[in-house]
Amino acid sequence: AKRPHGVPLLRVLAPGLGRALRLLGSELDGARLAGRWAGLEASEVALVPVPPAPGSLRRRGFSPVLELLAGARPLRWHTRSLLRRRGTFQRGLDAVARGHSLADAWRTGRGAGGQKGRGRGGRRAAVKDSFVLARGCGGLRAVILVDDVSTSGATLAECARVIRAAGLRVMGAVVLAHVPPPQGDSAGS
C-alpha cells in the first residue's frame, strides 16, 4: 500500500480507519467527555498525521497517512499537519551542539533512514530529534496521532514528545496496522 500502485488499496482501507475514528468520537460523546477528555471541545482536538520521510515521499509521490485520512471522511476532528521531518544535516549539527563527536553527529544525522531490520533501540535512535513543529498550534489543546503502520512505536513516541513539548496533550494514536518487531528483537536492541 506504500507504493504508487497501492493508492487504490489505501482507498479501500481508509473507510475502516474512518469507522474506528468515528467510533472513538461516539464513545466520547457517550462518556460526556469525562476523564482526561473533560473540558475539550471537538474543535480543540486535531488528528495529526505522522509525516513521511522526505525520501519516501519523493519516491512514492504521496503520503500514505494523508491518503488514508482523505478517504476516512467524514470525521469528527479536522486534520492538522503540525509535524515535519527535520533534515539530516540539521540533526547532525544539533548533535555536535550537544557535545557529540563529529563521527557520532554524522551517524545521528544519517539515522533517519528506513526502520526495516532495526531493533527497538535502533529504531528509537533513528527517530530521535527527527521531528519538529511545522506550524503553530493555534486553537488546539490536544491531538490524536495517526500513522499507517506501527512496529516498535518509536516514531509515535518521538512525535508525541514533540507535541507535548509544544504544550499540547496527546490523547492517543491510531494506526491502520501493527507489525510485530522482527523475531528475537528485544526492548534494548
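For the structure itself, look to the data block above.
All values reported here derive from a predicted model rather than from experimental measurement.

Caption draft 1: View of the nonpolar core. One finds Leu-17, Leu-21, Trp-37, Val-45, Leu-47, Leu-69 and Ile-144 to be the most contacted residues of the largest nonpolar core, which totals 21 residues. If you list the elements that add at least two residues to this core, you get helix 1 (7-30), strand 1 (45-49), helix 3 (64-71), strand 5 (142-150) and strand 6 (169-178). For this core, the leading source of residues is helix 1, giving 5 residues. One finds Ala-46, Cys-137, Ala-160 and Val-170 within the second-largest nonpolar core, a separate group that totals 17 residues.

Caption draft 2: Broad picture of helix 3. Within helix 3 the residues assigned to the buried category are Pro-64, Val-65, Leu-68 and Leu-69. The arc that holds the buried residues of helix 3, viewed along the axis, is 135°, so those residues lie on one side.

Caption draft 3: The pairing of strand 1, seen in detail. Buried residues dominate strand 1, accounting for 5 of its 5 residues. Neither face of strand 1 is open: one carries Val-45, Leu-47 and Pro-49, the other Ala-46 and Val-48, and all of them are buried. Bridge count for strand 1 against strand 5 is 5 bridges, and the pairing is parallel. When the bridges of strand 5 are listed, Val-48 appears paired with Leu-145.

Caption draft 4: Fine view of the sheet that holds strand 1. Pairing in this open sheet of 4 strands is parallel, and the strands run 2-1-5-6 from one edge to the other. In this open sheet, the two strands that pair with only one neighbour each are strand 2 (78-79) and strand 6. Contacting strand 1, strand 2, strand 5 and strand 6, helix 3 runs over the sheet at an angle of about 115° to strand 5. This element, helix 7 (residues 154-165), spans strand 5 and strand 6 of the sheet and lies at about 160° to strand 5.

Caption draft 5: Up close: unusual backbone geometry. Note that the residue after Arg-73, namely Pro-74, is joined by a cis bond; omega there is -5°. Within the fold, Pro-74 resides in the loop between helix 3 and strand 2. Even without glycine at this site, Asp-129 takes up a positive phi of about 60°. Note on placement: Asp-129 falls in the loop between helix 6 (120-127) and strand 4 (131-133). By relative accessible area, Asp-129 is classed as buried at 14%.

Here is what the cut-offs are and how they apply
- Residues numbered from 1 in each chain as written.
- Predicted model: local features only at pLDDT ≥ 70, side-chain atom pairs only at ≥ 80, totals over all residues.
- Heavy atoms only, no water.
- Core = buried A, V, L, I, M, F, W, Y, C linked by side-chain atoms within 4.5 Å.
- Buried < 20%, exposed > 50% of the residue type's maximum accessible area, 1.4 Å probe, protein only.
- Helix = DSSP H or I, 4+ residues; strand = E, 2+ residues; numbered from the N terminus.
- Arc of directions from axis to C-beta.
- Pairing = 2+ DSSP bridges.
- Contact = heavy atoms within 4.5 Å.
- Axes fitted to C-alpha atoms, helices over the stretch in contact; angles between N-to-C directions.

Read these as geometric descriptors, not functional statements.
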